[in-house]
Amino acid sequence: QNTKKISIVGSGLIGQNWSMIFAGAGYNVCLFDVDPAQLERAKSNISSTLQRYEKDGLMRGTGTAVEQSTRVSTSTSLEECLRSTFYVQECVPENLELKTKVFAQIDNVIGDDVIVASSSSCLVASSFTEKCNHRDHMLVAHPINPPYFIPLVEMVPAPWTKPEVMATTRTLMEEIGQSPVSLKRECPGFALNRLQYACINEAWNMYQSGLLSAEDIDKVCYDGLGPRYAFIGPLETMHLNADGIVDYCKRYAEGAVDVQNKTFKPIPTLYDVPTAEKIQAEYNTTIPLDKIQNKRQWRDNRLAALAKLKKEM
Ligand code: NAD
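Quantities reported herein were computed from a predicted structural model and do not represent experimental measurements. (Residues numbered from 1 in each chain as written. Predicted model: local features only at pLDDT ≥ 70, side-chain atom pairs only at ≥ 80, totals over all residues. Heavy atoms only, no water.)

Peer 1: For this particular structure, what's the right way to read the packing of aromatic side chains?
Peer 2: Two numbers describe a pair of aromatic rings. These are the distance of the centres and the angle of the planes. Within this structure, the stated rule accounts for ten aromatic pairs. Between Y148 and F149 the ring centres are 5.1 Å apart and the planes differ by 85 degrees, which places this aromatic pair in the edge-to-face class. Accessibility expressed as a relative area gives 2% for Y148, which makes it buried. F149 sits in the buried class, given a relative accessible area of 9%. Residues W204 and Y271 carry aromatic rings whose centres are separated by 5.2 Å and whose planes lie at 45 degrees to one another, so their mutual orientation is tilted. Of this pair, W204 sits in helix 8 (residues 192–208) while Y271 sits in the loop between helix 11 (245–263) and helix 12 (273–286), and the two are 67 residues apart along the sequence. For Y271, a relative accessible area of 39% gives the class partly exposed. An aromatic cluster of at least three residues, connected via ring pairs, comprises W18, F22, Y27, F86 and Y87. (Phe/Tyr/Trp six-rings, centres within 6.5 Å; stacked < 30°, edge-to-face > 60°. Buried < 20%, exposed > 50% of the residue type's maximum accessible area, 1.4 Å probe, protein only. Helix = DSSP H or I, 4+ residues; strand = E, 2+ residues; numbered from the N terminus.)

Peer 1: Which parts of the structure should I look at to understand the pairing of strand 1 (residues 5–9)?
Peer 2: Working note: regular strand, side chains alternate between the two faces of the sheet. For strand 1, a buried count of five out of five residues is recorded, marking the element as mostly surrounded by other parts of the structure. Here strand 1 shows no split at all, with K5, S7 and V9 on one side and I6 and I8 on the other all buried. Bridge count between strand 1 and strand 2 (residues 28–32): five bridges; the pairing is parallel. Directly across from I6, in strand 2, lies its bridge partner V29. The parallel pair strand 1 and strand 2 is bridged by helix 1 (residues 13–24), and the resulting crossover is right-handed. In this sheet, strand 4 (residues 87–90) lies alongside strand 1 in parallel orientation, the contact comprising four bridges. Paired with S7 across the bridge in strand 4 is V88. (Pairing = 2+ DSSP bridges. Right-handed = clockwise from strand over helix to strand, strands pointing away.)

Peer 1: Looking at this structure, I do not really get the side chain of H137. What am I missing?
Peer 2: On the secondary structure map, H137 appears in the loop between helix 6 (126–129) and strand 6 (138–143). According to the relative accessible area criterion, H137 is buried, its value standing at 11%. Within the structure, the side chain of H137 is placed 3.2 Å from the backbone oxygen of D112, a separation counted as a polar contact. (Polar contact = N/O pair within 3.5 Å; in protein donor to acceptor, adjacent residues only side chain to side chain.)

Peer 1: Got a minute to help me understand the nonpolar core in this structure?
Peer 2: Inside soluble globular proteins, nonpolar side chains tend to come together where they are buried. Counting 36 residues, the largest nonpolar core has I8, W18, F22, Y87, Y148, M173 and I176 as its most contacted members. In contact with W18, other than residues within four places in its own chain, are I8, Q89, C91, S119, A141, P143, V153, M173, I176 and Q178. Counting residues in each nonpolar core, the second largest holds 23 residues, with L82, I110, V140 and V156 among its members. (Core = buried A, V, L, I, M, F, W, Y, C linked by side-chain atoms within 4.5 Å. Contact = heavy atoms within 4.5 Å.)

Peer 1: Sorry, what's going on with the site of the ligand here?
Peer 2: Around the ligand sit 23 residues in total, of which I14, D33, E94, K99 and S121 are the nearest. At 2.9 Å, a backbone N or O of I14 approaches an oxygen atom of the ligand. For the ligand, an oxygen atom lies 2.6 Å from a polar atom in the side chain of K99. In isolation the ligand exposes 830 Å². Once the protein is present, 77% of that is buried. Elements represented by at least two residues in the shell around the ligand include exactly helix 1, helix 5 (96–109) and strand 6. Counting residues per element, the shell around the ligand draws most heavily on helix 5, at three residues. (Near = heavy atom within 4 Å. Areas by Shrake-Rupley, 256 points an atom, 1.4 Å probe, with all protein chains shown as cover.)

Peer 1: Honestly, the pairing of strand 7 (residues 152–157) in this entry has me stumped. Any pointers?
Peer 2: When you tally the buried positions in strand 7, you get five out of six residues, the bulk of the element. Of the strand pairs in this sheet, strand 6 and strand 7 are connected by five bridges, and their pairing is antiparallel. The partner of L139 across the bridge, within strand 7, is P157. In this sheet, strand 8 (residues 179–182) lies alongside strand 7 in parallel orientation, the contact comprising four bridges. Within strand 8, the residue paired with L152 across the bridge is S179. For the crossover from strand 7 across helix 7 (residues 163–175) to strand 8, the handedness is right-handed.

So far we have only geometry, and geometry alone does not tell us how the molecule works.
So, in structure tokens, the structure goes:
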């Protein structure tokens with residue numbers, strides 16, 4: 001077991017996931033939250049979730065579920081949570097004032113070598129670390145839900161984040177079994193959402209023009225692009241679909257650009273509610289609003305099975 005200490009600030013959904021991931025990799029984890037009752041719930045959730053994953057053969061890392069759970073402690077004092085730590089993962093709600101306040105509090109307590117990463121989904125590190133003394137040790141490390149089963153972490157530096165801090169965090173993420181990517185600079189939407197928005201935009205436009213049903217658009221992804229993208233990305237797809245990507249461009253770029261120039265619509269200015277209502281009416285038979293929770297559980301179970309399969313390959 002690794003005796004180094006990791007601090008997690010905020011014990012909601014994402015804080016609990018990071019705790020389980022770090023504990024699985026053998027780290028001692030200390031979890032802090034401003035809400036003591038939430039901290040209790042988090043501790044018991046972590047313990048029951050790990051036991052469920054162990055029973056289902058989905059648990060990551062070393063040791064039993066009970067051993068991994070005992071690596072996670074909680075504290076109602078931020079100072080105690082941060083004492084002797086070397087890495088802090090912030091997981092408080094996505095709110096600029098709150099993140100600014102919490103980073104200032106962490107900044108006041110930590111030493112010069114500690115790395116502080118935010119789980120922020122949208123806010124960039126420069127917006128809430130500018131005034132911190134240790135801002136060159138601060139960055140965004142954005143996980144994807146559910147992080148226990150989707151390994152990607154988008155690492156995004158502020159202009160003042162030291163390259164060594166990015167490098168150390170990347171190594172740490174790899175060591176704990178996550179899959180980090182390093183953006184060279186801040187960029188709205190980071191990388192995953194930028195790709196996801198492009199996909200949603202065309203899905204929206206195809207639906208709106210009556211080209212195919214919502215169910216069939218989803219199927220194009222989960223039975224078409226999705227299985228491929230679970231193993232190779234869009235650029236590698238180009239490389240493999242011809243004799244290399246240069247050959248692909250020579251053979252197919254004209255056609256691809258033509259389709260887009262002649263038939264792609266502009267980005268939808270709004271995902272308009274009337275269209276959303278029509279799509280929802282379609283989902284009313286398959287995923288009515290009162291079944292969304294069940295479907296989320298179904299999704300997470302399948303993501304867990306896929307993660308296990310990919311590990312075994
Ligand atoms: P959450 O609401 O489940 O948990 C947030 C926790 O922070 C709560 O337990 C709350 O009590 C605690 N908190 C509030 N103020 C605090 C403070 N001052 N100090 C310490 N703790 C405090 O939120 P979440 O879904 O876990 O999201 C946390 C972060 O992770 C956000 O930035 C979010 O954008 C990001 N994120 C979320 C997801 C997701 O799908 N939920 C995915 C990736 C990243």
